[in-house]
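Structural overview
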Amino acid sequence: MITVGIDIGSITAKAAIVEDGKILGTKVIFTGYNAEAAGLKVYEEALSEAGFDATAVSKIVSTGYGRNSVKFADRAFTEILAHAAGAHFVNQKVRTIIDIGGQDSKAISLDEAGKVKNFVMNDKCAAGTGRFLEVMARALEVNLDEFGAMSLKSQKPAKISSLCTVFAESEVISLIARGEHRTEIIAGIHESIAARVSAMLARVGVVEPVMITGGVAQNEGVVHALEKKLGLKIEVSPWAQVNGAIGAAVLAATL
Amino acid sequence: MNQSDPGAMKTLGVYLFGQAKKLSLKFKKAPTMKDLMMVYYSEAKSAKVTGRKVAWITSGGPVEPLIAMGVIPVYPENHGAMIGASKMGAGLCEKAEAMGYSNDLCSYARSDIACATVNGGPIGGLPRPDMLVCCNNICGTVLKWYETQARYFNVPLFILDTPFCHTGYFEEAARYVRSQIDEYIQFIEDVCGKKYDFERLREVGLLSFEGQKLWQAVLDTAAVRPAPMSAFDAFYHLALIVTLRGTKTAGSYYRNLLAQMKDRVARGIGVVPDEKYRLLWDNIPIWPRVRWLSQKFASHNACLVADTYTSAWCGTTKYIDESRFIDSMAEAYTRIYLNIGVDEMAKTVIEMIDKYDVDGLVLHSNRSCKPYSFGQLDIERIVGEERGIPCLMLEADMVDDRSFSESQIATRIDAFMEIIKERKKNKG
Ligand code: SF4
């Protein structure tokens with residue numbers, strides 16, 4: 001049975017095609033201002049790239065902030081459930097998930113069977129999210145893709161104490177003005193995200209193995225800072241950015 | 001909800017504070033909450049004409065001594081709730097911020113302070129006070145708020161200082177609060193310019209006690225499956241136990257409401273059609289979003305059967321002794337929900353979880369109300385350890401809708417309900 005999961009996030013829309021435990025294709029596009037159109041587009045492109053026809057698809061599940069705008073989906077689930085299903089699909093042992101997406105971050109705890117036990121999401125604030133990193137990359141005039149590698153060279157991460165994105169940005173600008181090295185500032189930014197996320201993790205309770213998903217998981221600097229802060233190893237999902245879409249496709253197979 | 005008339009009330013005004021004959025209105029049916037609140041506020045607003053005194057008082061303040069002297073109590077917090085419910089909160093909060101108040105200040109205080117200067121809001125502002133009565137059993141914010149208003153209106157302010165009860169109630173605290181009640185009575189005598197009527201206070205005390213017990217009985221009906229009313233209904237019906245406790249009006253209203261609820265129970269009518277999940281609410285409602293939230297939960301067949309907020313107005317009846325009302329009143333007002341330690345609060349929450357047999361706890365982390373929100377992480381943890389039910393934290397504000405993010409809240413509620421449904425399914 002072929003199922004499709006569509007995850008409409010605030011920045012990107014993702015689709016994943018799954019058949020009997022195998023991932024047949026994934027696609028990521030920008031969401032833009034029209035979530036409904038993005039849902040259709042990412043679905044069609046994923047199918048055509050993987051060489052399938054819509055008639056081959058048995059079930060579709062949507063997730064993410066735009067989940068209810070995907071009118072052709074059979075059902076919508078929240079991204080909490082989708083990320084849990086996606087992470088469990090990749091590694092059945094996973095008990096804790098850190099998901100850092102474009103506009104929010106969350107900590108999810110799973111029971112032995114892979115069911116969601118509890119979750120915490122960041123409050124109405126971009127700090128500790130992908131958006132936060134984008135703002136910082138702009139302030140530092142560094143390509144966001146280079147953030148991870150650069151921060152790993154840091155000796156003494158700068159301290160970013162503001163919890164608010166806007167204040168943190170001005171803090172970063174004053175650090176630049178004081179001549180602080182970019183690598184140290186970037187490492188400091190990653191540590192501030194790690195501090196925020198680990199506070200959420202403490203609320204759900206950390207049980208290993210821990211997996212990180214979401215677009216920000218691709219930033220090795222954030223992962224490193226989190227590992228340092230938590231004192232444990234974190235598994236990066238090989239499907240970090242499309243984990244929610246994969247989970248949605250997995251959930252579709254259970255409908 | 002329709003009011004079916006048991007023939008209880010014909011002429012409402014006669015009952016109001018026992019002497020509002022001038023305002024007597026004829027109601028064919030038992031008056032609705034809206035009728036009663038309209039009469040209450042118009043009576044308060046015409047106090048200057050009718051020669052009555054008006055006192056502004058905090059929601060947890062002892063109101064009975066005022067009512068006994070014919071003073072009309074007015075509650076800025078109830079007014080704040082009305083401002084929030086009519087979605088006028090953000091505008092008034094902005095006004096207060098322009099006046100120099102921080103947006104970290106409680107939004108009841110912000111909207112009240114702003115409203116007093118422009119006579120805005122849904123009822124064109126509160127009537128001018130002759131005195132202010134501030135009891136800090138709910139928070140420390142009210143002290144500064146009432147001091148500000150006392151300066152603004154240039155009227156006397158009475159502060160009743162209730163020590164925080166971390167674990168219990170001690171002799172020293174009892175004596176300290178009791179002695180202030182004497183000062184309070186003296187204060188009322190001075191402002192009213194007449195001798196205190198203790199006989200009347202005894203009567204008012206009995207009415208207040210009776211009203212609180214009736215309110216508790218109304219809330220208790222939701223322990224039945226399906227619940228005949230939800231916390232969202234309680235938020236609505238609460239207004240009288242806040243504003244008119246100690247009057248016959250409140251008693252009649254709740255007696256009538258209780259009869260209706262019992263009737264619904266007898267006929268098996270639930271307020272949420274097809275109630276499958278039962279939840280407990282913690283903290284002050286998100287007033288501008290009560291309807292949205294109620295529909296959101298109902299769409300998941302979930303009923304918020306009880307809450308820690310509306311039950312705060314009957315949570316201390318166990319301390320009240322009718323035969324020594326003044327002494328026991330001092331204790332009851334000191335030991336209210338917001339004036340006890342987090343462990344005690346968690347105990348109350350767990351008692352409610354058991355009593356109403358709920359599947360989950362929804363905590364409103366209310367940006368405005370620090371004393372209510374501060375211990376919630378601990379309460380969440382304790383509830384998790386002791387009862388193992390899922391808890392959901394919603395970050396918002398009771399009045400200022402700028403602190404409400406609909407899509408984020410919707411996602412949290414949906415995900416929370418997914419967990420609850422899954423757990424129930426597994427339990428069979
Ligand atoms: S801080 Fe809380 S208790 Fe105090 S006035 Fe505001 S809402 Fe009421």
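Since this is a predicted model, take the numbers as computed values, not measurements.

1. Overview of the overall build of chain A
- Within chain A one finds eight helices and 10 strands.
- Referenced to the eigenvectors of the C-alpha coordinate spread, the extents of chain A come out at roughly 60 × 40 × 30 Å.
- For chain A, the proportion of its 255 residues judged to be buried stands at 54%.
- Restricting the contact set of chain A to residue pairs at least 6 apart, pairs at least 24 apart contribute 64%.
- Accessible area for chain A stands at about 10900 Å²; split by element, carbon and sulfur atoms hold 52% of it.
- In chain A, 26 positive and 28 negative side-chain charges are present, and the distance between their average locations comes to 5 Å.

2. Brief notes about the interface of chain B and chain A
- Taken together, the contact between chain B and chain A spans 21 residues of the former and 18 residues of the latter.
- Between R67 of chain A and D414 of chain B there is a salt bridge whose closest N-O contact spans 2.7 Å.
- Mapped by element, the contributors of at least two residues to the side of chain B that touches chain A are α17 (376-387), β8 (391-396) and α18 (406-427) of chain B.
- The greatest single-element share of the side of chain B that touches chain A, amounting to 11 residues, is contributed by α18 of chain B.
- Here the side of chain B that touches chain A is composed, by residue class, of 10 nonpolar, five polar and six charged.

3. What to know about the domain arrangement of chain A
All names here are of chain A.
- What the domain assignment lists for chain A is domain 1 (1-91 + 241-255) and domain 2 (93-236).
- The distance between the C-alpha centroids of domain 1 and domain 2 comes to 25 Å.
- Facing the 14 residues of domain 1 at the interface are 23 residues of domain 2.
- For the domain 1 face of the interface with domain 2, the top three residues by lost area are I11, I80 and N91, together amounting to 36%.
- One can count zero salt bridges joining domain 1 with domain 2.
- Taken together, the connections running from domain 1 to domain 2 amount to six residue pairs in polar contact (both at pLDDT 80 or more).
- Counting residues per element, the side of domain 1 that touches domain 2 draws most heavily on helix α2 (residues 79-90), which supplies eight residues.
- For the side of domain 1 that touches domain 2, the per-class residue count stands at seven nonpolar, six polar and one charged.

4. Some thoughts on the nonpolar core
- Formed by 163 residues in total, the largest nonpolar core has its most connected members in L66, Y108, W215, Y254, W287, L293 and F297 of chain B.
- Looking at which domains feed residues into this core, each of domain 1 (1-91 + 241-255) and domain 2 (93-236) of chain A gives three or more.
- Not counting residues up to four positions away in its chain, the partners in contact with Y254 of chain B are L214, W215, V218, H237, L238, A239, L240 and I241 of chain B.
- The next biggest cluster of nonpolar side chains, apart from the first, holds 40 residues, and it includes L133, L140, A225 and A240 of chain A.

5. Digging into the sheet that holds strand β5 (residues 277-282) of chain B
Residue and element names in this part refer to chain B.
- In space, the four strands of this open sheet follow the order β6-β5-β7-β8, with parallel pairing throughout. The open sheet has two edge strands, β6 (302-307) and β8, and neither has a second partner. For this sheet the average axis-to-axis angle between neighbouring strands, irrespective of direction, equals 30°.
- Note that β5 and strand β7 (residues 360-366) share four bridges and pair parallel. Among the inter-strand pairings, L280 is bridged to a residue of β7, identified as L361.
- On the sheet, α18 packs against β5, β6, β7 and β8 and is oriented at approximately 170° with respect to β8.

6. As for the packing of helix α13 (residues 290-298) of chain B against α18 of chain B
Residues and elements named next belong to chain B.
- Between α13 and α18, whose axes approach to 11 Å, the crossing angle comes to 30°. Taken as axis vectors, α13 and α18 run roughly parallel relative to one another. Remark: the crossing between α13 and α18 carries right-handed chirality. Taken together, the residues of α18 that come into contact with α13 (itself represented by W292, L293, K296 and F297) are E406, I409, A410, I413, D414 and M417.
- Grouping the constituent residues of the contact of α13 with α18 by class yields seven nonpolar, no polar and three charged.

7. Thoughts on the pairing of strand β4 (residues 57-63) of chain A
Residues and elements named next belong to chain A.
- Counting buried residues in β4 gives five out of seven residues, a clear majority hidden from the surface.
- Looking at chain direction, strand β1 (residues 2-8) and β4 are connected through six bridges and run parallel. Looking at the pairing, V4 lines up with I60 of β4.
- Pairing analysis gives two bridges linking β4 to strand β5 (residues 75-76), with the strands arranged parallel. By the bridge assignment, S62 is partnered in β5 with A76.

8. Describing the site of the ligand
- Taken together, 13 residues form the shell around the ligand, and within it E77, C106, C139, C369 and M398 of chain B come nearest.
- Broken down by class, the residue content of the shell around the ligand amounts to 10 nonpolar, two polar and one charged.

9. Things to note about the side chain of N136 of chain B
- Assignment of secondary structure puts N136 of chain B in the loop between β3 (131-135) and α7 (141-153).
- Note on N136 of chain B: relative accessible area 15%, which makes it buried.

10. Description of the state of the cysteines
- Taken as a whole and assessed by the stated rule, the structure comprises zero disulfides over all chains.
- The cysteine C192 of chain B is free of any disulfide, with C134 of chain B supplying the nearest cysteine sulfur at 18 Å.

Cut-offs applied
Residues numbered from 1 in each chain as written. Chains lettered and ligands numbered in written order. Predicted model: local features only at pLDDT ≥ 70, side-chain atom pairs only at ≥ 80, totals over all residues. Heavy atoms only, no water. Helix = DSSP H or I, 4+ residues; strand = E, 2+ residues; numbered from the N terminus. Buried < 20%, exposed > 50% of the residue type's maximum accessible area, 1.4 Å probe, protein only. Contact = heavy atoms within 4.5 Å. Areas by Shrake-Rupley, 256 points an atom, 1.4 Å probe, with all protein chains shown as cover. Lys, Arg positive; Asp, Glu negative; His and termini not counted. Charge placed at Lys NZ, Arg CZ, Asp CG, Glu CD. Salt bridge = Lys/Arg side-chain N within 4 Å of Asp/Glu carboxyl O. Nonpolar A, V, L, I, M, F, W, Y, C, P; charged D, E, K, R; others polar. Domains from an automatic or database assignment. Buried area = accessible area lost by both parts, 1.4 Å probe. Polar contact = N/O pair within 3.5 Å; in protein donor to acceptor, adjacent residues only side chain to side chain. Core = buried A, V, L, I, M, F, W, Y, C linked by side-chain atoms within 4.5 Å. Pairing = 2+ DSSP bridges. Axes fitted to C-alpha atoms, helices over the stretch in contact; angles between N-to-C directions. Parallel < 35°, antiparallel > 145°, perpendicular 65-115°, else oblique. Left-handed = near helix turned anticlockwise from the far one by under 90°. Near = heavy atom within 4 Å. Disulfide = S-S within 2.5 Å.

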